[in-house]
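Below, each chain spelled out in residue letters.
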Protein chains: 2
Amino acid sequence: MKWSKYFLPTIKEVPTGTEAVSHQLLLRSGLVHMLTSGVYSYLPLGWRVLSKIENIIREEMNAAGAHELLMPAIQPLEIWQKTGRDKTLEEVMIRFKNKKGTSMCLGPTHEEIITDLVKSFVQSYRQLPVTLYQIQTKFRDETRPRFGVVRACEFIMKDAYSFDTSLEGLKKNYDAMYAAYKKIFDRCGLKPIIAEADTGAMGGRLSHEFLVPAPIGEDKAKDEDGIEHQAIEVGHIFQLGTKYSEALGAVYLDEQGKQQPMIMGCYGIGVSRLISTIIEVHNDDKGIKWPQEVAPFLVEILPLQPSDPEVMGLAEQYYDELTKCKIDVLMDDRDESAGRKFNDADLIGLPFRITIGKRTLAEGKVEIKNRATSQVEVLPKDAAVGRMLALAGK
Amino acid sequence: MKWSKYFLPTIKEVPTGTEAVSHQLLLRSGLVHMLTSGVYSYLPLGWRVLSKIENIIREEMNAAGAHELLMPAIQPLEIWQKTGRDKTLEEVMIRFKNKKGTSMCLGPTHEEIITDLVKSFVQSYRQLPVTLYQIQTKFRDETRPRFGVVRACEFIMKDAYSFDTSLEGLKKNYDAMYAAYKKIFDRCGLKPIIAEADTGAMGGRLSHEFLVPAPIGEDKAKDEDGIEHQAIEVGHIFQLGTKYSEALGAVYLDEQGKQQPMIMGCYGIGVSRLISTIIEVHNDDKGIKWPQEVAPFLVEILPLQPSDPEVMGLAEQYYDELTKCKIDVLMDDRDESAGRKFNDADLIGLPFRITIGKRTLAEGKVEIKNRATSQVEVLPKDAAVGRMLALAGK
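Residues numbered from 1 in each chain as written. Chains lettered and ligands numbered in written order. Predicted model: local features only at pLDDT ≥ 70, side-chain atom pairs only at ≥ 80, totals over all residues.

Trainee: Would you mind going over the interface of chain A and chain B with me for this structure?
Mentor: How big an interface is tends to be reported as the loss of accessible area on association of its parts. Tallying the contact residues gives 43 residues for chain A and 43 residues for chain B. Listed by contribution, the elements that provide at least two residues to the side of chain A that touches chain B are strand S1 (32-36), strand S2 (39-42), helix H2 (44-63), strand S3 (67-68), strand S4 (74-76), strand S5 (94-97), helix H5 (111-121) and strand S7 (130-139) of chain A. Taken together, the residues of the side of chain A that touches chain B sort by class into 27 nonpolar, 10 polar and six charged. (Contact = placed C-beta atoms within 7 Å. Helix = DSSP H or I, 4+ residues; strand = E, 2+ residues; numbered from the N terminus. Nonpolar A, V, L, I, M, F, W, Y, C, P; charged D, E, K, R; others polar.)

Given below as structure tokens:
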């Protein structure tokens, strides 16, 4: 991508009314734009981060044997009355009446809907176990939306649901999700503390929270050494048991032909919240330091004098070669000062930066900088693409 | 994917209350499930079709120089009052008051929101032109939801918006989108009639509709020979001009430092509606005939006797080899009768089927069938993977 043709508006000043570093950096590096309190657009750079995170989640969910589907946001309130959660979740539920006068709501979560769906199709123990997931937009009427996309009224979640015939089966699925979650967060550059937790409004037998220490965290987490941290909840998994299947009549016939309620688990990840969490953990006073796998682009090519044909020629050559090798490259070809470009490069924080300057190039050299470690390598211009591929693990 | 571990519930009978062939086949082949009138879940097979269509659209939009972003569904009603469309779209707009008592709505379209967003970031002619798009869920309180996902209350759209400084620029962007739309629909196996159309509630200077002839179509289209067809509108592009930029104050400074309203275009595709449209066009009395690029899987491997080690061994070998070559394969490893499996294969309609049966295998042969042409090739078992790769264009 060439910056001059892209939609990537950076902001120099710290926006007013923002406490959290991640919120400031989200806005300053052109990742999101606030429409109204707690409601955000993801600008092209933010959309890229979101899609990288979503793909990591997809890969690990599919590897764990879960199948992706997509459920609707609009839901009849009637189905929530069957579990009584029209009351327990009343505070955050957005409701309206449709044209026919039926009471509807926007899904703050999907246990009721998936249970009803699976009930429609599964009759026999031979069709179980099954684990289904979606990456989908949820709606909650938050009293105090906070910290950008950490606590928003419209946000993206990954929610998975498992259906089993035995507690052993549930435990096996639960363990598989637990393991997948560790991989997902690791690939996102996060090391959450995993804590047994209250099952709350979800109900059920047992749950684990995945908590990433951060100053803006609204949860508390004790680490291995017993020290308490403020932390952001990025994931929560539950052994639900039969609470939802019994309330909604999701039964199957067992090997003896006897009706049994399905045994359920549910597994959530706050997808959009992860963007803020990653920024909270990976930043310095100059900007974001994206972990490789979730970076919107892996490399920024920075020609210091875009009007110099030799500088720009080499920049275009690197751009083409790296793009051909399926490396995501952003080239800052804007007609801006070197200072502005360096500041913006640090701000948006791509993992690697290749700087091409007239003076260094006169010696046949260019510079590769690692944003996270600040390490700089000066190397012959013909060696840059090869070195970059090695750094990218290709 | 192995069918025995998948969530792919097929239905033998025609569901009651369904008129449209596409609606019947959507339900029968386990693509969608109705939650309530006009509101559907996409089951794993349907989700795969959706994501194939989305990726085609992404590729062509990106190739046309548009940048993907994601805007919210929740919107303050206030912004709609500025263009007067809180009134013109009142009939279909889902509204609610949030906790603070502010009037909100769910976006039935996004002209107001994108104009406000671009206004926040663009000040100078040097930042234009720019084209942005999203693939996102829209909400409309339809009086008469119909034909499955053809007319639904919650549906997925691709909506793109261009911002220019001149009418020539707008026309160039409009032509680029027109060309991209032809490619997209062609890759989806559709040949729409393109007709100049009324700009309706959208307003503006000029518009073209992309209409696919189908008996359930709610629009009328005259083809090249002047014959009138019932047709489904799958895309609509508009030269909006300055209607929205003037109402919302989206201005830029031109080369003379004078304020000018941005000149806009907008470009929609009904993404979820495309699934129904493709099925309307590509089916026979046995089921769906998916065009290759939008098929949920490209190949079905059908071992007729899964309990026979030789049959199943070869099926597994094909499955591994094709998967390694990045071919999407579904293997019907269920313990069902050959008749049931053949019927289901025709119903879900993957482009190619490799049948492995004991009798043919005794002669060292297997069968490849093309679902669209019904053409059958019997070939030596060692030639099947190579032939399949050739058919897939690999």
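Trainee: Please clarify how the domain arrangement of chain A should be interpreted in this entry.
Mentor: Residues and elements named next belong to chain A. Examined at the domain level, chain A breaks down into domain 1 (3-284) and domain 2 (297-391). The centre of domain 1, based on its C-alpha atoms, is set 38 Å off from the matching centre of domain 2. Each side of the interface is counted separately: domain 1 has six residues, and domain 2 has eight residues. Residues of the side of domain 1 that touches domain 2, tallied by class, amount to two nonpolar, three polar and one charged. (Domains from an automatic or database assignment.)

Trainee: I would appreciate a short explanation of the pairing of strand S18 (residues 299-303) of chain B in the present structure.
Mentor: Two faces, one strand: in a regular strand the side chains alternate between the faces of the sheet. All names here are of chain B. Judged by how many residues are buried, S18 sits mostly within the fold: five of five residues are covered. Of the two faces of S18, the one holding Val 299, Ile 301 and Pro 303 and the one holding Glu 300 and Leu 302 are both buried throughout. Once you follow S18 into helix H9 (residues 309-324) and on to strand S19 (residues 329-331), the crossover reads as right-handed. Pairing geometry for S18 and strand S20 (residues 352-356), over five bridges, is parallel. By the bridge assignment, Leu 302 is partnered in S20 with Thr 355. (Buried ≥ 20, exposed ≤ 12 C-beta atoms within 10 Å, placed from the backbone. Right-handed = clockwise from strand over helix to strand, strands pointing away. Pairing = 2+ DSSP bridges.)

Trainee: I would appreciate a short explanation of the relation of the copies chain A and chain B in the present structure.
Mentor: Both copies of the chain are related by a screw-like operation: a rotation about an axis and a shift along it. Taken as rigid bodies, chain A and chain B are interconverted by a rotation of 180° and an axial shift of 0.0 Å, the fit giving an RMSD of 0.0 Å. With respect to symmetry, the two chain copies, as superposed, fit the operation of a two-fold axis. For chain A, the minimum C-alpha distance to the rotation axis belongs to A:Phe96 and amounts to 3.0 Å. Most of the interface of chain A is mirrored in chain B: 100% of its interface residues are interface residues there too. (Least-squares fit on C-alpha atoms with pLDDT ≥ 70 in both.)

Trainee: What am I meant to see in the nonpolar core here?
Mentor: Nonpolar side chains in soluble globular proteins tend to end up buried together. Membership of the largest hydrophobic core comes to 240 residues, with the highest contact counts inside it found for A:Val299, A:Ile354, B:Val299 and B:Ile354. With residues near it in sequence (within four places) discarded, B:Ile354 still touches B:Val299, B:Ile301, B:Leu302, B:Tyr318, B:Val366, B:Ile368, B:Ala384 and B:Met388. (Core = buried A, V, L, I, M, F, W, Y, C linked by C-beta atoms within 7 Å.)

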